[in-house]
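# Results of the structural survey
Take a look at the letters that make up each chain.
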Amino acid sequence: MIRTGIGYDVHKLEEGLPLWLGGIRIEHTKGLVGHSDADVLIHAICDALLGAAALGDIGKHFPDTDPKYKGIDSKLLLRHVTELLQEKGYRIVNADSIICAQRPKLAPHIEEMRQCLAEVMGIEADCVSVKATTTERLGFEGREEGISAFATVLIEK
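Figured I'd write up the structure that's included with this text. Computed from a predicted structure; not experimentally measured. (Residues numbered from 1 in each chain as written. Predicted model: local features only at pLDDT ≥ 70, side-chain atom pairs only at ≥ 80, totals over all residues. Heavy atoms only, no water.)

Here the focus is the packing of aromatic side chains. Across all of its chains, the model carries two aromatic pairs by this definition. Each ring, one from Tyr-8 and one from Phe-150, has its centre 4.8 Å from the other, and the planes form 45°; the classification is tilted. Of the two residues, Tyr-8 is situated in strand β1 (residues 2-15) and Phe-150 in strand β7 (residues 146-156); the sequence distance between them amounts to 142 residues. Seen from their ring centres, Phe-62 and Tyr-69 are 5.4 Å apart, and the 85° between their planes marks the pair as edge-to-face. The same class applies to Phe-62 and to Tyr-69, which are both buried. (Phe/Tyr/Trp six-rings, centres within 6.5 Å; stacked < 30°, edge-to-face > 60°. Helix = DSSP H or I, 4+ residues; strand = E, 2+ residues; numbered from the N terminus. Buried < 20%, exposed > 50% of the residue type's maximum accessible area, 1.4 Å probe, protein only.)

What follows is about the sheet that holds strand β4 (residues 30-32). Here five strands make up an open sheet; going across it, the order is β4-β1-β7-β5-β6 and the pairing mixed. Across the chains shown, the open sheet's two edge strands, defined by having one partner strand only, are β4 and β6 (128-133). Looking at each pair of strands side by side, their axes are set apart by 20° on average, direction ignored. As paired elements, strand β5 (residues 91-100) and β6 share six bridges and run parallel to each other. (Pairing = 2+ DSSP bridges. Axes fitted to C-alpha atoms, helices over the stretch in contact; angles between N-to-C directions.)

With 13 residues, helix α1 (residues 40-52) ought to run about 18 Å at 1.5 Å a step, and its terminal C-alpha atoms sit 18 Å apart, in line with that. Counting buried residues in α1 gives twelve out of 13 residues, a clear majority hidden from the surface. (Expected span 1.5 Å × (residues − 1).)

A few words now on the state of the cysteines. All chains considered together, the criterion is met by zero disulfides. Free of any disulfide, Cys-116 has its nearest cysteine sulfur in Cys-46, 12 Å distant. Taking the relative accessible area as the measure of exposure, Cys-116 reaches 15% and is therefore buried. Free of any disulfide, Cys-127 has its nearest cysteine sulfur in Cys-116, 16 Å distant. Residue Cys-127 is classed as partly exposed on the basis of its relative accessible area of 24%. (Disulfide = S-S within 2.5 Å.)

Another point: the packing of helix α3 (residues 74-87) against helix α4 (residues 110-121). Between α3 and α4, whose axes approach to 8 Å, the crossing angle comes to 40°. The angle between α3 and α4 places the two elements in the oblique class. Each of Lys-75, Leu-78, Arg-79 and Thr-82 in α3 lies in contact with α4, whose residues at this interface are Cys-116, Leu-117, Glu-119, Val-120 and Met-121. (Parallel < 35°, antiparallel > 145°, perpendicular 65-115°, else oblique. Contact = heavy atoms within 4.5 Å.)

Where β1 and β7 come together, eleven bridges link them in antiparallel fashion. Bridged to Ile-6 within β7 is Thr-152. Note: β1 against β4, three bridges, orientation antiparallel. By the bridge assignment for β4, Glu-14 is matched with Gly-31.

A word on the nonpolar core. Of all hydrophobic cores here, the largest spans 50 residues; its most connected members are Leu-49 and Met-121. Taken together, the elements giving at least two residues each to this core come down to β2 (19-21), β3 (24-26), α1, α3, β5, α4, β6 and β7. With ten residues, α1 is the single largest residue contributor to this core. With near-sequence residues (within four places) excluded, Met-121 lies in contact with Ile-45, Leu-49, Leu-78, Arg-79, Thr-82, Ile-92, Ala-95 and Val-128. (Core = buried A, V, L, I, M, F, W, Y, C linked by side-chain atoms within 4.5 Å.)

Okay, here's the thing in structure tokens:
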């Protein structure tokens with residue numbers, strides 16, 4: 001059985017916070033606001049994986065009302081989601097994603113993100129695609145108010 005899933009996440013940018021994307025810290029003047037470390041890319045991938053397996057969404061599994069997830073490293077969330085899928089007999093075939101951010105420039109960080117995500121999910125890096133785009137200064141991403149990410153995954157049983 002082959003299944004696909006799609007995920008989306010968005011977080012607000014704020015001065016003085018660390019910026020975590022794809023499991024790595026990126027130097028920038030702003031970081032993302034959230035209950036966890038607010039890694040929008042990992043959150044989108046988690047939602048895509050959970051959706052593909054019909055296991056709900058990230059909020060169901062890691063509610064922002066639960067203090068145990070306050071400030072948590074999103075890599076731990078992704079590892080847990082990967083383990084849930086394995087328990088259900090699924091294996092991750094590939095993940096494709098895109099980050100929408102005006103700044104910082106993400107191209108220099110893409111390979112490190114791919115390696116990190118692949119390691120957490122237990123798959124080869126050539127099965128993980130991370131792309132980045134600006135929004136040509138349009139919308140909340142273009143005004144540097146936030147960052148969004150989309151992900152699609154393929155899993156099989």
